[in-house]
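Here is how the chains run, residue by residue.
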Amino acid sequence: MSKTFFIETWGCQMNDLDSQRLSGSLKLRGYRRVEDEHTADLLLLNTCSIREKSEQKVFSRLGELRAAKKEGSKIGICGCVAQRDGEAILARAPWVDFVMGPGNVGYLDEILDGGRRLALDFPEDRRYDYLAIDRPSATRAQVTIIEGCNKNCTFCIVPTTRGREVSRPITGIVAEIRSAVAEGRVEIELLGQTVNAYRCPQTRADFASLLTVVASLEGVKRLRFITSHPAEVTDDMIAAIRDHSNISRYLHLPVQSGSSRVLRRMKRLYTREQYLAVVARIRAAVPEVHFSTDIIVGFPGETDQDFEETISLIEEVRYGSLFAFKYSPRPGTSALRLGSPIDDAVASERINRLFEMHEERKRETLRAYEGRILPVLYEGPSRHDSEVLSGRTDDNWTVNFTGDLRTPIGTMLPVRIQQAQHHTLRGEAVA
Ligand code: SF4
């Protein structure tokens, strides 16, 4: 009888892909995935440490898993909290069988066979076995091109939990994408904490070159990438996007604040003016670009004036999507030396104002699509209605539409948008 595993993933796309790799290598070992932690032989919790709350949750969730697990089953902790607090976790929860950081995702076999309890190093060879990735989507493949980050934003824990930047050789990335496309995955999403800092360790090819190579691969219908750093945006990168219509016009470009004073304290390596200049350069070359961004509210010392500058920057860029968070002090980050966060009530007021503003903007964006015909990548029948097709636009909006249900998944269809809904669009496939 085959062994079973349960895996729970918190946090970002990088953690998602790490869990797909862990799941894939376990299936290669003959394990079967189960959704119920009570029946699993192996329970994996892939953690996130980007915000305080996610961290506090680890020990309470560990307690639940301990209570749920069956006799003889094992518990393993992965991800960024594991990397940062590995030894503390084993001290506080000695019944945890092993703790492995993001650098050791490719070493699960050794950990299971060798009884290694603590794997927190960042091996030179990350053993990125793309043939053993358990991809949940039939149409999309996420592909890590660079791990870690060499920046030192004062609020961020990532350089501690994911180490220094390590780019994968371009040959390995291309081979992985060819194999994914051969399996019908026509949408490729390139992943990295600072994806556009990519530099091939063998050929020194940069991100712009990689975009051009991947966009030119046969069968790649849509190419996305996340997360770009504004200071790493080059003219070649912009030209690559302009010159390849299958490179998504959805560009996630975290700004974090609209105040140059706060950006300096965050060590974001650009000023408000420089960020807006990057946006203008991209818009000049790719007018239809849809920007999304991340904003931190309540950073230590943020004044009313600073926040007004954030509001005015958001109004100026007119983001299609926006993710905003209250500043969360992270242990070991240099922002802790910049004083305490601003008053929580003020931070809540500011973030609610941002959300309201953006809700209005989002409604405008969605309404503006009504009557237009958009290319939609068909991903399968809608989860809510099997008589309805579902897919996503280039700028990542979900579209539920009527059409021929015999259409092969992965087909790019022209869809006339009939109605904007709260978060999605409704439409009909155009012959
Ligand atoms: S660029 Fe800054 S915010 Fe992004 S992962 Fe690196 S240190 Fe963190």
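Residues numbered from 1 in each chain as written. Predicted model: local features only at pLDDT ≥ 70, side-chain atom pairs only at ≥ 80, totals over all residues. Heavy atoms only, no water.

Engineer: Give me the nonpolar core: which residues, what numbers.
Structural biologist: Ile145, Ile177, Ile188, Leu190, Phe207, Leu211 and Phe225 are the most contacted members of the largest nonpolar core, which totals 58 residues. Each of domain 2 (135-248) and domain 3 (278-368) gives at least three residues to this core. In contact with phenylalanine 225, not counting residues within four places along its chain, are Leu190, Val195, Phe207, Leu211, Met237, Ile241, Ile247 and Leu251. Membership of the second largest hydrophobic core comes to 19 residues, among which are Val34, Ala40, Ile89 and Val99. (Core = buried A, V, L, I, M, F, W, Y, C linked by side-chain atoms within 4.5 Å. Buried < 20%, exposed > 50% of the residue type's maximum accessible area, 1.4 Å probe, protein only. Domains from an automatic or database assignment. Contact = heavy atoms within 4.5 Å.)

Engineer: Can you explain the packing of helix α7 (residues 207-215) against helix α8 (residues 235-243)? Please cite residues and give values.
Structural biologist: At a closest axis distance of 8 Å, the pairing of α7 and α8 adopts a crossing angle of 15 degrees. As far as their axial angle goes, α8 and α7 are roughly parallel. When the axes of α7 and α8 are compared, the crossing they make is left-handed. Across the interface between the two elements, Phe207, Ala208, Leu211 and Thr212 from α7 touch Asp236, Met237, Ala240 and Ile241 from α8. (Axes fitted to C-alpha atoms, helices over the stretch in contact; angles between N-to-C directions. Helix = DSSP H or I, 4+ residues; strand = E, 2+ residues; numbered from the N terminus. Parallel < 35°, antiparallel > 145°, perpendicular 65-115°, else oblique. Left-handed = near helix turned anticlockwise from the far one by under 90°.)

Engineer: Go over the pairing of strand β14 (residues 321-326) with me, naming the residues and quoting the values.
Structural biologist: Relative to β14, strand β13 (residues 290-297) runs parallel, the two sharing six bridges. Each bridged residue has a counterpart across the sheet, and for isoleucine 296 the counterpart in β14 is phenylalanine 325. The handedness of the β13 to β14 crossover, carried by helix α11 (residues 304-317), is right-handed. (Pairing = 2+ DSSP bridges. Right-handed = clockwise from strand over helix to strand, strands pointing away.)

Engineer: Any chance you could break down the domain arrangement of the protein chain for me, citing the residues and the numbers?
Structural biologist: When cut into domains, the protein chain gives domain 1 (4-119), domain 2 (135-248), domain 3 (278-368) and domain 4 (373-429). Between the C-alpha centres of domain 1 and domain 4 the distance comes to 36 Å.

Engineer: Go over α11 with me, naming the residues and quoting the values.
Structural biologist: The end-to-end C-alpha distance of α11 is 20 Å, a good match for the 20 Å that 14 residues give at a rise of 1.5 Å each. If you check which residues of α11 are buried, you get Asp306, Phe307, Thr310, Ile311, Leu313, Ile314 and Val317. Projected onto a plane normal to the axis of α11, the buried residues spread over an arc of 160 degrees and lie on a single side. Opposite its buried face, α11 presents the exposed residues Asp304 and Glu315, each directed more than 90 degrees away. The inward-facing, buried residues of α11 abut α9 (260-266), α10 (272-285), β13, β14 and α12 (344-367). A positive phi of about 55 degrees marks arginine 318, the residue just after α11. (Expected span 1.5 Å × (residues − 1). Arc of directions from axis to C-beta.)

Engineer: Account for the sheet that holds strand β6 (residues 118-119), with residues named and values stated.
Structural biologist: Strand order in the open sheet formed by six strands is β2-β1-β3-β4-β5-β6, with parallel pairing between adjacent strands. Each edge of the open sheet is held by one strand with a lone partner, namely β2 (32-33) and β6. Both strand β1 (residues 4-9) and β2 contribute to a ladder of two bridges, which runs parallel. Bridge assignment links phenylalanine 5 to a residue of β2, and that residue is arginine 33. Packed onto the sheet, helix α1 (residues 13-28) meets β1, β2, β3 (42-47), β4 (74-78) and β5 (98-100) and runs at close to 175 degrees relative to β1.

Engineer: Describe the site of the ligand, listing the residues and the values that go with them.
Structural biologist: As a structural note, the neighbourhood of the ligand is formed by Cys149, Lys151, Cys153, Phe155, Cys156, Val158, Pro159, Gln193, Thr194, His229 and Arg268. Split by residue class, the shell around the ligand holds six nonpolar, three polar and two charged. (Near = heavy atom within 4 Å. Nonpolar A, V, L, I, M, F, W, Y, C, P; charged D, E, K, R; others polar.)

Engineer: Please provide a residue-by-residue account of the pattern of salt bridges, values included.
Structural biologist: Working definition: two side chains of opposite charge can pair if their charged atoms are close together. Under the criterion given, the structure shown has 40 salt bridges. Measuring nitrogen to oxygen at the nearest pair gives 2.6 Å for the salt bridge that ties glutamate 232 to lysine 151. Within this pair, whereas glutamate 232 is found in the loop between β11 (222-226) and α8, its partner lysine 151 is found in the loop between β8 (146-147) and α5 (158-162), the two being separated by 81 residues in sequence. Looking at glutamate 232, the relative accessible area reads 24%, which means it is partly exposed. (Salt bridge = Lys/Arg side-chain N within 4 Å of Asp/Glu carboxyl O.)

Engineer: How would you summarise the packing of aromatic side chains if you had to cite specific residues and measurements?
Structural biologist: According to the stated counting rule, one finds five aromatic pairs in the structure shown. Note on phenylalanine 207 and phenylalanine 225: the rings are 5.1 Å apart at their centroids and 80 degrees apart in plane angle, and the pair reads as edge-to-face. Pair noted here: phenylalanine 207 is in helix α7 and phenylalanine 225 is in strand β11, with a separation of 18 residues, a long-range link. With respect to class, phenylalanine 207 is no different from phenylalanine 225; both count as buried. Taking 6.3 Å as the distance between ring centres and 75 degrees as the angle between the ring planes, the aromatic pair formed by tyrosine 378 and phenylalanine 401 counts as edge-to-face. Taken together, the residues span a long stretch of sequence, with tyrosine 378 in strand β15 (residues 373-381) and phenylalanine 401 in strand β17 (residues 398-402) at a distance of 23 residues. (Phe/Tyr/Trp six-rings, centres within 6.5 Å; stacked < 30°, edge-to-face > 60°.)

Engineer: Any details on the sheet that holds strand β7 (residues 140-144)? Residues and values, ideally.
Structural biologist: Pairing within the open sheet is parallel, and its three strands lie in the order β7-β10-β11. Edge positions in the sheet fall to β7 and β11, since each of these pairs with one other strand and no more. The mean angle between the axes of side-by-side strands here comes to 20 degrees, regardless of whether they run parallel or antiparallel. In this sheet, strand β10 (residues 187-191) lies alongside β7 in parallel orientation, the contact comprising five bridges.

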